[in-house]
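# Close look at the chain arrangement
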Amino acid sequence: MDSDEKTTDTKYGEARKFDANFKGPIHNRGCTDVLCCILFILFLFGYFAVGLLAWSQGDPRKVIYPTDSRGQFCGQAGTPMEKKPLLFYFNILKCASPLVLLELQCPTTQICVETCPKEHLTLLTAKLSLDRKKQDYYRSYCKEGTNFTKMSAPDILSQGLCPAMLIPSQAFTHRCLPALGTLKGVVVVGNETSLAGDAGDQVNATQLLDAAKKSNLVVEARQVAMRIFEDYTVSWYWILLGLVIAMVVSFVFIVLLRFLAGVMIWVMIILVILVIGYGIFHCYWEFASLKGVAGADVTIKDLGLQTDFSIYLQIRQTWLAFMIILAIVEVVIILLLIFLRKRILIAIALIKEASRAVGHVMSSLFYPLLTFCLLAMVIAYWAVTAVFLSTSNEQVYKVFNISAGEFTKNTCVPESFSPNNFSAGTLDTECRFAFYGGETLYHKYLIVLQFYNLFLFFWCANFVTALGQVTLAGAFASYYWAFKKPEHIPAYPIFASLGRALRFHTGSLAFGSLILSLVQIVRVLLEYLDHKLKGAQNRCAKFILSCMKCCFWCLEKFIKFINRNAYIMIAIYGKSFCPSAKDAFFLLMRNVIRVAVLDKVTDFLLFLGKLLIVGIVGICSFFFFSGRIKAVEETAPSLNYYWVPILTLVVGSYLIAHGFFSVYAMCVDTLFLCFCEDLERNDGTAERPYLMSNNLLGILKKSNDTTKTVD
């Protein structure tokens with residue numbers, strides 16, 4: 001790579017001039033972007049106020065416990081419903097109504113009960129029965145205070161005090177749903193294909209199946225979540241051990257990269273190809289082994305959405321899809337390696353230089369732990385506040401016409417409700433709990449508070465990331481511009497850089513984070529609009545929305561790139577965000593070919609390193625949790641979904657590897673900008689020697705005309 005690859009067009013600013021007094025990050029600097037710093041602090045106070053308001057109004061019990069028609073929590077300790085943990089539906093067939101999708105509640109009376117019905121029994125049969133136990137049994141599924149013995153069956157039904165019949169049921173996600181099954185391929189409930197009512201009407205088991213599915217629509221996600229939670233409770237220590245192993249592997253890899261950068265890069269490339277190749281082989285082996293197995297040829301489309309995700313691993317199409325995806329990834333990586341084979345040597349030299357920098361600033365390897373802790377605090381605060389905000393609605397009661405379902409939009413108060421006010425004197429209506437909402441100013445602007453919570457989450461998370469980037473950039477810039485290494489490297493460069501960032505540049509970091517957060521919140525709003533307009537048939541609107549989503553995705557990536565390089569310039573020169581972003585962009589444009597050749601190829605190689613660590617941890621966890629290793633089959637926990645700990649470990653190991661490799665990536669980006677400035681500031685003479693390593697000098701066909709070269 002020759003010096004003519006450097007663009008000298010003046011529209012990208014003048015090249016840096018030689019400055020004999022420049023020794024790296026400037027120490028004599030002042031506070032930058034003070035106004036944005038004040039704005040950030042004010043918004044943080046507002047964020048804390050929203051959190052306190054949400055915690056005072058919210059009630060997470062609404063997520064945990066089911067609620068009856070009066071809004072009472074079933075099974076909640078310290079309440080009259082403590083010993084009644086299950087929700088019972090008077091008429092489960094009403095749950096097949098489209099109203100379930102609109103109101104997220106079945107339009108039938110719901111009460112809390114101790115146990116689900118175990119036998120088929122009608123109201124008239126129980127009333128006429130001389131068996132006192134049978135009457136008491138039926139009364140336990142009526143509203144409290146019902147005079148079961150003195151009232152007639154028609155009066156009880158007209159006032160909606162008891163269900164017309166009891167159906168054999170079983171508890172499912174704390175709800176009593178029909179005990180459906182199959183007998184010789186026919187849907188049955190309690191071994192019966194249909195159940196008779198008092199009026200001689202027949203209720204088909206298939207009808208109950210449809211109603212059960214609809215009633216369970218709202219709680220389907222909760223069911224999956226509970227199973228996943230159970231898996232975490234029995235496998236958390238194995239997951240923790242796996243994450244520790246991923247951390248050790250990442251650390252060992254980074255240390256080896258410090259001393260054997262060239263060898264490790266080539267070993268990494270070969271291992272990534274082999275790991276993906278094994279993945280292709282395993283998918284083909286699973287695909288071939290399912291040939292001829294009953295039900296294995298069912299397509300994913302025909303199977304539909306299943307809560308038991310292990311079912312998908314029992315059909316051939318799933319493994320075929322995995323095999324095709326891995327094969328495409330393998331081919332793409334191999335082609336990139338072929339076309340970039342010459343540039344990889346230059347990128348390896350830059351990684352070697354980064355390895356030396358990390359070796360002299362070893363504390364940089366532990367800085368991601370601080371970033372991780374800060375991000376964990378931000379995520380935890382956002383999640384808790386979001387839960388309390390979403391559960392801070394009040395109980396809303398609506399009038400339901402038992403026979404016709406009229407006046408469903410009228411609200412009511414259970415304590416003062418009178419059917420005469422709504423149904424012209426009939427007793428065919430009652431006041432029931434509908435959903436959680438509210439009419440107060442707080443409830444009207446609840447969605448605004450949710451977006452504010454999300455926006456501040458983005459802003460704080462981006463600020464923490466920016467703080468880490470500018471801290472590492474300042475430390476590695478101190479390394480590069482030290483003429484004699486390590487003598488001229490300042491003591492504790494990480495702490496010195498962190499102190500400068502917090503003392504002088506909190507406003508600049510908040511400014512850059514704010515710009516990125518605004519783009520991210522716009523992307524969330526676009527996703528929200530897309531979700532709301534999903535049923536719309538306007539293709540033009542869908543096309544425009546898709547284009548906007550794509551444009552803002554590209555804009556977010558571009559802003560992240562600009563911010564990252566702006567933070568490097570802030571760490572070195574101590575300027576405000578906008579001038580730093582401008583200087584960084586112009587410097588990159590003056591060296592645009594080197595950006596494409598060196599920086600991006602290096603990023604690709606570091607990405608392969610992350611991929612290798614994720615692949616190793618993922619394959620090992622798959623064999624362990626799926627019970628494929630006979631030696632540890634008894635040790636592996638029994639799980640509902642064995643993919644839960646595997647996926648957790650894959651994501652966790654990637655984040656851990658990304659944390660370690662982000663140090664290298666930031667080091668490479670910082671050294672790259674310093675390297676570009678070095679070429680502009682100096683010319684290799686005795687008065688203006690290059691500060692880059694001899695290795696880089698040799699690759700660039702440069703030399704210092706002095707005997708005092710850089711180590």
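Residues numbered from 1 in each chain as written. Predicted model: local features only at pLDDT ≥ 70, side-chain atom pairs only at ≥ 80, totals over all residues. Heavy atoms only, no water.

## Concerning the overall build of the chain
Tallying secondary structure elements over the chain gives 22 helices and 12 strands in all. Counting across all 711 residues of the chain, residues that qualify as buried make up 47%. When contacts within the chain are restricted to residue pairs at least 6 apart in sequence, those whose partners lie at least 24 apart make up 72%. For the chain, the accessible surface area stands at approximately 35,500 Å², while carbon and sulfur atoms represent 66% of it. (Helix = DSSP H or I, 4+ residues; strand = E, 2+ residues; numbered from the N terminus. Buried < 20%, exposed > 50% of the residue type's maximum accessible area, 1.4 Å probe, protein only. Contact = heavy atoms within 4.5 Å. Areas by Shrake-Rupley, 256 points an atom, 1.4 Å probe, with all protein chains shown as cover.)

## Digging into the packing of helix H1 (residues 34-57) against helix H15 (residues 446-480)
The N-to-C vectors of H1 and H15 enclose an angle of 130 degrees; their axes lie 10 Å apart at closest approach. Taken together, the axes of H1 and H15 are oblique relative to one another. Viewed along their axes, H1 and H15 form a crossing whose handedness is left-handed. Between H1 and H15, the contacting residues are Leu39, Phe40, Phe43, Leu44, Gly46, Tyr47, Val50 and Leu53 on the first element and Leu449, Tyr452, Asn453, Phe455, Leu456, Phe457, Trp459, Cys460 and Phe463 on the second. (Axes fitted to C-alpha atoms, helices over the stretch in contact; angles between N-to-C directions. Parallel < 35°, antiparallel > 145°, perpendicular 65-115°, else oblique. Left-handed = near helix turned anticlockwise from the far one by under 90°.)

## A closer look at the packing of H15 against helix H21 (residues 643-681)
Two elements in contact, H15 and H21, have axes whose closest approach is 9 Å; the angle formed by their N-to-C orientations is 50 degrees. By the angle between their directions, the pair H15 and H21 is classed as oblique. When the axes of H15 and H21 are compared, the crossing they make is right-handed. Contact with H15, carried on its side by Gln469, Leu472, Ala473, Phe476, Ala477, Tyr479 and Tyr480, involves Val663, Met666, Cys667, Thr670, Leu671, Cys674, Phe675 and Asp678 of H21 and no other residues of that element.

## A few points about the confidence of the model for the chain
In the predicted model, the chain carries a mean pLDDT of 77, and the fraction of residues at 70 or more is 76%. Of all secondary-structure elements in the chain, the lowest mean pLDDT belongs to helix H3 (residues 99-103), at 41, while H1 reaches the highest, 91. Considering only residues more than four positions removed or in separate chains, one finds that residues 97-104, a stretch of pLDDT under 50, has 18 contacts. (pLDDT = per-residue confidence, 0-100.)

## As for the packing of aromatic side chains
Taken as a whole and judged by the stated rule, the model has 29 aromatic pairs. Ring geometry for Phe253 and Phe661: centres 5.7 Å apart, planes at 45 degrees, overall tilted. With a gap of 408 residues between them, Phe253 in helix H8 (residues 220-259) and Phe661 in helix H21 connect regions that are remote in the sequence. When sorted by exposure, Phe253 lands in the same class as Phe661, which is buried. Measuring from ring centre to ring centre gives 6.5 Å for Tyr492 and Phe495, while their planes differ by 75 degrees; the resulting arrangement is edge-to-face. The exposure class assigned to Tyr492 is exposed, which follows from its relative accessible area of 63%. (Phe/Tyr/Trp six-rings, centres within 6.5 Å; stacked < 30°, edge-to-face > 60°.)

## What about the state of the cysteines?
Inspection of the entire model under this criterion finds three disulfides. Put simply, Cys74 and Cys112 are joined by a disulfide, and their sulfur atoms are 2.0 Å apart. Disulfide Cys74-Cys112: torsion about the S-S bond near -75 degrees, hence left-handed. Here Cys74, found in the loop between helix H2 (61-64) and strand S1 (86-89), pairs with Cys112, found in strand S2 (residues 110-113); they are 38 residues apart in sequence, far enough to count as distant. Judged on exposure class, the residue Cys74 and its partner Cys112 are both buried. A sulfur-sulfur separation of 1.9 Å characterises the disulfide bridge that pairs Cys142 with Cys162. Around the S-S axis, the bridge from Cys142 to Cys162 shows a dihedral of about 115 degrees and counts as right-handed. With Cys142 in the loop between helix H5 (132-139) and helix H6 (153-158) and Cys162 in the loop between H6 and strand S4 (165-166), this pair connects stretches of sequence that are 20 residues apart. Assigned by exposure class, Cys142 and Cys162 land together as buried. (Disulfide = S-S within 2.5 Å.)

## Quick notes on the pattern of salt bridges
Taken as a whole and assessed by the stated rule, the structure comprises seven salt bridges. Between Asp136 and Arg139 there is a salt bridge whose closest N-O contact spans 2.5 Å. On the criterion of helical spacing, the pair formed by Asp136 and Arg139 is a turn pair, its members being three residues apart in helix H5. For Asp136, a relative accessible area of 33% puts it in the partly exposed group. Taking the shortest distance from any N to any O, the salt bridge between Glu527 and Lys549 comes out at 3.6 Å. Of this pair, Glu527 sits in helix H17 (residues 506-532) while Lys549 sits in helix H18 (residues 539-573), and the two are 22 residues apart along the sequence. Each member of the salt-bridge network shares a partner with another, and the members are Arg523, Glu556 and Lys560. (Salt bridge = Lys/Arg side-chain N within 4 Å of Asp/Glu carboxyl O.)

## A short note on the environment of Tyr232
Here Tyr232 lies in helix H8. Remark: the alpha-carbon pair of Tyr232 and Leu639, spanning 407 residues in sequence, is separated by 8.9 Å.

## Some details on the pairing of S2
Neither face of S2 is exposed, since Gln110 and Cys112 on one face and Ile111 and Val113 on the opposite face are all buried. Of the pairings in the sheet, the one linking S1 to S2 comprises four bridges and is antiparallel in character. Directly across from Leu87, in S2, lies its bridge partner Cys112. (Pairing = 2+ DSSP bridges.)

## Observations concerning helix H16 (residues 493-504)
With 12 residues, H16 extends 16 Å from end C-alpha to end C-alpha; this agrees with the ideal 16 Å at 1.5 Å per step. When H16 is considered as a whole, its buried residues turn out to be Pro493, Ile494, Ser497, Leu498, Arg500, Ala501 and Phe504. Buried residues in H16, looked at end-on, bunch into an arc of 165 degrees, giving them a common side. Along H16, the residues that are exposed and aim more than 90 degrees away from the buried face are Phe495 and Arg503. Considering only its buried residues, H16 is in contact with helix H13 (367-390), H15 and H17. (Expected span 1.5 Å × (residues − 1). Arc of directions from axis to C-beta.)

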